[in-house]
Amino acid sequence: MPRPNGPSPVTLHDVAREAGVSLATASRAINGSTRRVRDDYRARVLAAAKRLNYKPNYAAQAVARGTTTTVGLLVGDVSDPYFSRIASGVIEAADAAGLVVTMAATGRDSSRELDLVRTMSAQRPRIMIVAGSRLAGNADQPALIEELTALTESGGRVIMISQPVLPFPTVAMDNTTGARQLAEALAGLGYRRFAVLRGNDALETSNERLHGFREGLAGHGIELADRHVISTEFTRDGGYAGALELIKEARGEVELIFAVNDVMAVGAMSALRSVGLRPGVDVAVAGYDDIPTVRDVTPALTTVGIPLAEIGREAVRHALETPEERPGQASVVWTAKSSVVIRESTPGIGA
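Residues numbered from 1 in each chain as written. Predicted model: local features only at pLDDT ≥ 70, side-chain atom pairs only at ≥ 80, totals over all residues. Heavy atoms only, no water.

Under the criterion given, the structure shown has three aromatic pairs. Arranged with centres 4.9 Å apart and planes meeting at 90°, the rings of Tyr 82 and Phe 83 form a pair that is edge-to-face. Accessibility classification places Tyr 82 together with Phe 83 in one group, the buried group. Where Phe 213 meets Phe 258, the ring centres are 4.4 Å apart and the plane angle is 20°; that geometry is what we call stacked. Separated by 45 residues along the polypeptide, Phe 213 in helix α9 (residues 204-218) and Phe 258 in strand β8 (residues 256-259) bring together distant segments of the chain. Summarising the burial analysis for this pair, Phe 213 and Phe 258 share the class buried. Taken together, the ring pairs in this structure connect Phe 194, Phe 213 and Phe 258 into an aromatic cluster. Sitting over the face of the ring of Tyr 41, Arg 38 holds its NZ or CZ atom 4.4 Å from the ring centroid. (Phe/Tyr/Trp six-rings, centres within 6.5 Å; stacked < 30°, edge-to-face > 60°. Buried < 20%, exposed > 50% of the residue type's maximum accessible area, 1.4 Å probe, protein only. Helix = DSSP H or I, 4+ residues; strand = E, 2+ residues; numbered from the N terminus. Lys NZ or Arg CZ within 6 Å of the ring centre and 35° of its normal.)

One way to put it is that helix α10 (residues 236-250) packs onto helix α11 (residues 262-274) with a least axis distance of 6 Å and a crossing angle of 45°. In terms of their interaxial angle, α10 and α11 are classed as oblique. For the pair α10 and α11, the crossing hand works out as right-handed. Every residue of α11 that contacts α10 at Arg 236, Gly 239, Tyr 240, Ala 243, Leu 244 and Ile 247 is listed here: Val 263, Met 264, Gly 267, Ala 268, Ser 270, Ala 271, Leu 272 and Ser 274. (Axes fitted to C-alpha atoms, helices over the stretch in contact; angles between N-to-C directions. Parallel < 35°, antiparallel > 145°, perpendicular 65-115°, else oblique. Left-handed = near helix turned anticlockwise from the far one by under 90°. Contact = heavy atoms within 4.5 Å.)

The next point concerns the pattern of salt bridges. Under the criterion given, the structure shown has 20 salt bridges. Among the salt bridges present, the one from Arg 108 reaches Asp 80, with a minimum N-O distance of 3.3 Å. One end of the pair, Arg 108, is in the loop between β2 (100-105) and α6 (110-122); the other, Asp 80, is in the loop between β1 (70-75) and α5 (81-96), with 28 residues separating them in the sequence. Close ionic contact of Glu 92 with Arg 313 constitutes a salt bridge, the shortest N to O distance being 3.3 Å. (Salt bridge = Lys/Arg side-chain N within 4 Å of Asp/Glu carboxyl O.)

Attention now moves to the nonpolar core. Of all hydrophobic cores here, the largest spans 71 residues; its most connected members are Ile 129, Ile 161, Phe 194, Phe 213 and Phe 258. Filtering out sequence-adjacent residues up to four positions away, Ile 129 remains in contact with Val 71, Gly 72, Leu 73, Leu 74, Val 90, Ile 159, Ile 161, Ala 315 and Val 316. (Core = buried A, V, L, I, M, F, W, Y, C linked by side-chain atoms within 4.5 Å.)

Taking 1.5 Å per residue, 15 residues should reach 21 Å; α10 reaches 21 Å between its end C-alpha atoms and fits that length. For α10, every residue scored as buried is listed here: Gly 238, Gly 239, Gly 242, Ala 243, Leu 246, Ile 247 and Ala 250. Along α10, the residues classed as buried sweep out an arc of 165° about the axis, all on the same side. Turned more than 90 degrees away from the buried face of α10, the exposed residues are Asp 237 and Lys 248. In this structure, the buried residues of α10 make contact with β6 (194-198), β7 (229-231), β8 and α11. Backbone geometry just after α10 places Gly 252 at a positive phi near 90°. (Expected span 1.5 Å × (residues − 1). Arc of directions from axis to C-beta.)

This part is about the sheet that holds β6. With parallel pairing, four strands are arranged side by side in an open sheet as β7-β6-β8-β9. A single partner strand is all that each edge strand has here, and the edge strands are β7 and β9 (284-286). Ignoring which end each strand starts from, the neighbouring axes of this sheet average 20° apart. Both β8 and β9 contribute to a ladder of three bridges, which runs parallel. Across the sheet, residue Phe 258 finds its bridge partner in β9, namely Ala 286. Sheet strands touched by α9: β6, β7 and β8. Its angle to β6, the strand with the most contacts, is close to 170°. Contacting β6, β8 and β9, α11 runs over the sheet at an angle of about 160° to β9. (Pairing = 2+ DSSP bridges.)

Let us look at the sheet that holds β2. Pairing is parallel in the open sheet, where six strands are placed in the order β2-β1-β3-β4-β5-β11. In the strand order of this sheet, the two ends are held by β2 and β11 (331-336), each with one partner. Geometrically, the sheet is characterised by an average inter-axis angle of 20° between neighbouring strands, direction not taken into account. Where strand β3 (residues 127-131) and strand β4 (residues 157-161) come together, five bridges link them in parallel fashion. Note on β4: the bridge partner recorded for Ile 127 is Arg 157. Here helix α7 (residues 141-153) sits on the sheet in contact with β3 and β4, set at roughly 140° to β4.

This is the structure we're talking about:
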């Protein structure tokens, strides 16, 4: 009988009873299954569903399966072209697979990252991609591992884009090698007096790039003085402020400024102009990432190229095409190749 507030919706139980089959058979016939359903049973179930005007509850199906058709993507900063290029690759690959991407920004804050993982996990994404540098001494890391592990145990896949330090498959970037190769190339152009604009001490990407750059210089007998290494925000404004600090403390002592990402390098170039110095002429500038913007600034920026969109595509491809891996230890599933790109911002000494 109808309930006081209206007729009850038709359920899968009703369909199974109408078709004269078990609930499991009705579910497999309507929702799809790796277990084959006899053609006559499938026809009876579909006919019964049509007669009863049964509407599948896709949200309930997602909960039952443990996943939806969404990809959860966490990035550090949506305004940073580095992350937007990675996101474009994720979206392209997800579209091709019939998946929808939900994206959120952590602000490079570990507690916010944890909160966002919890929120997204509650929505049962088929894939969770966490893009961004890992933070040294991160007190939230155990809780983050626990949340991501729970997601995998409920049927989701987790892919990291970062350093391979968490116990999940990781698409990695060899920051140390890229920065070392850049330092070697710049030393080969005749530069000997360097400064570096870096992020804060907890940011592992910044640490790796600084370490690689020091290694490359050391191979040419060049020492990077600690006073010429400025810690600042990992942003355009951070690069601007860091360059002003460097100019104030060491004007005339530096031939080339290496900023550990491109947006910082662009900020540094603006800071040089603000005090009457010409980037690429009075002080050379180099960055890292090769975001599209740096090909259009004046002078065009020397940098280290990374296939950012391909990184996003590879993260989705791995999640969809490789056998499921239970969390245990960090594993690098693909490493992005980097390449030094010399442009007009570093013309070389005597050029």
